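Here's the letter readout for the chains.
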Amino acid sequence: MNQFREKVMRFMQGRYGMDDMGRFLMIVILVCMVLSVVFQSGTLNILVVAGIVYEYYRMLSRNIAARYEENQKFLGLKSRLFSKGAPTFQRRAADPVNRVFKCPTCGQKVRVPKGKGKISIHCPKCNSDFVKRS
Ligand SMILES: [Zn+2]
């Protein structure tokens with residue numbers, strides 16, 4: 001295996017090679033490989049072959065800019081899926097009923113109903129009023 005890796009390394013010079021997306025893909029391929037053996041599934045076998053072909057296509061590609069772009073997209077997707085803070089934040093941002101404004105005086109977040117037009121918002125913390133379109 002080490003010898004194989006060395007050969008690959010030499011072959012890979014000037015090519016794009018492995019990145020985060022490649023490593024992730026490799027794990028997916030390995031999992032599919034194991035599953036295809038366990039379940040004797042032809043469909044999974046095809047997936048494994050397709051995955052390997054794609055993996056090699058990426059690694060051997062000389063279009064480094066395009067691969068880099070792919071990897072950036074992958075990393076963005078990954079951080080959105082796996083970051084623990086994100087779902088709560090997204091749920092809050094996607095609130096269809098309320099809108100959250102920051103008090104310009106003290107920075108307190110004030111929740112107001114959405115779609116009411118221009119309204120005067122009263123800050124419960126510092127008792128100041130400010131006008132916003134909700
Ligand atoms: Zn305030």
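Cut-offs applied
Throughout this description, residue numbers start from 1 for each chain and increase along the sequence as written. Restriction of local features to residues with pLDDT of at least 70 applies here, the model being predicted, together with a cutoff of 80 or more for giving and counting side-chain atom pairs; totals for whole chains, interfaces and linings are based on all residues. Side-chain measures here rest on the full set of heavy atoms in the structure, leaving out hydrogens and waters. Starting at the N terminus, helices and strands are each numbered in turn, a helix being any DSSP run of H or I of at least four residues and a strand any DSSP run of E of at least two. Residue count minus one, scaled by 1.5 Å, sets the expected span of a helix. For each residue, the accessible area found with a 1.4 Å probe, counting protein chains only, is set against the maximum for its type, and the residue is called buried under 20%, exposed over 50%, and partly exposed in between. Each direction from the helix axis to a C-beta atom contributes to the arc, which is the arc of those directions. In what follows, residue pairs with any heavy atoms lying within 4.5 Å of each other are defined as contacts. Within this document, salt bridges are pairs made up of a side-chain nitrogen of Lys or Arg and a carboxyl oxygen of Asp or Glu, the two lying within 4 Å of each other. Side-chain atoms within 4.5 Å are what join buried Ala, Val, Leu, Ile, Met, Phe, Trp, Tyr and Cys residues into a set we call a nonpolar core. Shown as donors are all N, O and S atoms within 2.8 Å of a metal ion, widened to 3.2 Å for Na, K and Ca; because water is not in the atom set, sites may appear incomplete. Each label reflects the angles at the metal, where four donors whose angles all fall between 85 and 135 degrees are tetrahedral, four or six donors whose opposite pairs open beyond 155 degrees and whose other angles stay between 65 and 115 are square planar or octahedral respectively, and the rest are irregular. Whether a set of points on the 1 Å grid over the protein atoms alone is a cavity depends on a 1.4 Å probe fitting there but being unable to get out, while an open set qualifies as a pocket with protein on both sides within 12 Å along at least five of seven lines; lining residues are those with an atom within 4 Å of a point. Grid points are joined across faces, edges and corners, and a volume is the space filled by probe spheres set on the points. Classification used: nonpolar for Ala, Val, Leu, Ile, Met, Phe, Trp, Tyr, Cys and Pro, charged for Asp, Glu, Lys and Arg, polar for all others including Gly. Think of it this way: a Phe, Tyr or Trp ring, Trp meaning its six-membered ring, pairs with another when their centres are within 6.5 Å, and the plane angle makes it stacked under 30 degrees, edge-to-face over 60, tilted otherwise.

Asker: Tell me about helix H4 (residues 64-82), and please be specific about residues and values.
Answerer: Under the 1.5 Å per step criterion, the end-to-end length of H4 is 26 Å for 19 residues, consistent within 8% with the ideal 27 Å. The complete set of buried residues in H4 reads Arg67, Asn71 and Phe74. Down the axis of H4, the buried set is contained in an arc of 60°. They therefore lie on one face. Exposed and oriented more than 90 degrees from the buried face of H4 are Ala65, Lys73 and Arg80. On its buried side, H4 packs onto helix H2 (20-39) and helix H3 (42-60).

Asker: Residues and numbers for the pattern of salt bridges, please.
Answerer: By the definition in use, this model includes 4 salt bridges. Close ionic contact of arginine 58 with aspartate 19 constitutes a salt bridge, the shortest N to O distance being 3.1 Å. On the criterion of sequence distance, the pair formed by arginine 58 in helix H3 and aspartate 19 in the loop between helix H1 (2-11) and H2 is long-range, its members being 39 residues apart. Neither residue differs from the other here; arginine 58 and aspartate 19 are each classed as buried.

Asker: I'd like a description of the nonpolar core, backed by residues and values.
Answerer: Core analysis: the biggest nonpolar cluster contains 8 residues, these being Phe101, Cys103, Val110, Val112, Ile119, Ile121, Cys123 and Phe130. Sorting the residues of this core by element identifies strand E2 (109-113) and strand E3 (118-122) as the ones contributing at least two each. Apart from the residues lying within four places of it in its own chain, the contact partners of cysteine 123 are Cys103, Cys106, Gln108, Val110, Ser128 and Phe130. With 5 residues, the next largest nonpolar core counts Leu25, Ile29, Leu44 and Val48 among its residues.

Asker: Can you break down the coordination of the zinc ion residue by residue, with the values?
Answerer: Around the zinc ion, the protein supplies Cys103 (SG), Cys106 (SG), Cys123 (SG) and Cys126 (SG) as donor atoms, at distances of 2.3 Å. Seen from the zinc ion, its 4 donor atoms lie at angles of 108 to 111°, and the figure they make is tetrahedral. Between consecutive donor residues of the zinc ion, the sequence gaps follow C-x2-C-x16-C-x2-C. Taken as a pair, cysteine 106 in the loop between strand E1 (98-102) and E2 and cysteine 126 in the loop between E3 and strand E4 (129-133) lie far apart in primary sequence, 20 residues in all.

Asker: Give a description of the layout of surface pockets that names residues and reports values.
Answerer: Estimates place the volume of the largest pocket at around 560 Å³. Lining the largest pocket are 16 residues, and of these Phe4, Val8, Met18, Met26 and Met59 sit closest to its centre. The set of elements that each furnish at least two residues to the lining of the largest pocket consists of H1, H2 and H3. Along the lines of polarity and charge, the residues of the lining of the largest pocket split into 13 nonpolar, 1 polar and 2 charged.

Asker: Before we move on, can you summarise the packing of aromatic side chains with the specific residues and values?
Answerer: Any two aromatic rings considered together are summarised by their centre-to-centre distance and by the angle between their planes. One pass over the structure, following the stated rule, counts 2 aromatic pairs. Measuring from ring centre to ring centre gives 5.1 Å for phenylalanine 24 and phenylalanine 74, while their planes differ by 40°; the resulting arrangement is tilted. With a gap of 50 residues between them, phenylalanine 24 in helix H2 and phenylalanine 74 in helix H4 connect regions that are remote in the sequence. Its relative accessible area of 39% is what places phenylalanine 24 among the partly exposed residues. Summarising the aromatic geometry, the rings of tyrosine 54 and tyrosine 57 are spaced 6.2 Å apart at their centres and angled 25° between planes, so their arrangement reads as stacked. Of the two residues, tyrosine 54 and tyrosine 57 are both situated in helix H3; the distance of 3 residues between them amounts to about one turn of the helix. What makes tyrosine 54 partly exposed here is its relative accessible area of 31%.

So far we have only geometry, and geometry alone does not tell us how the molecule works.
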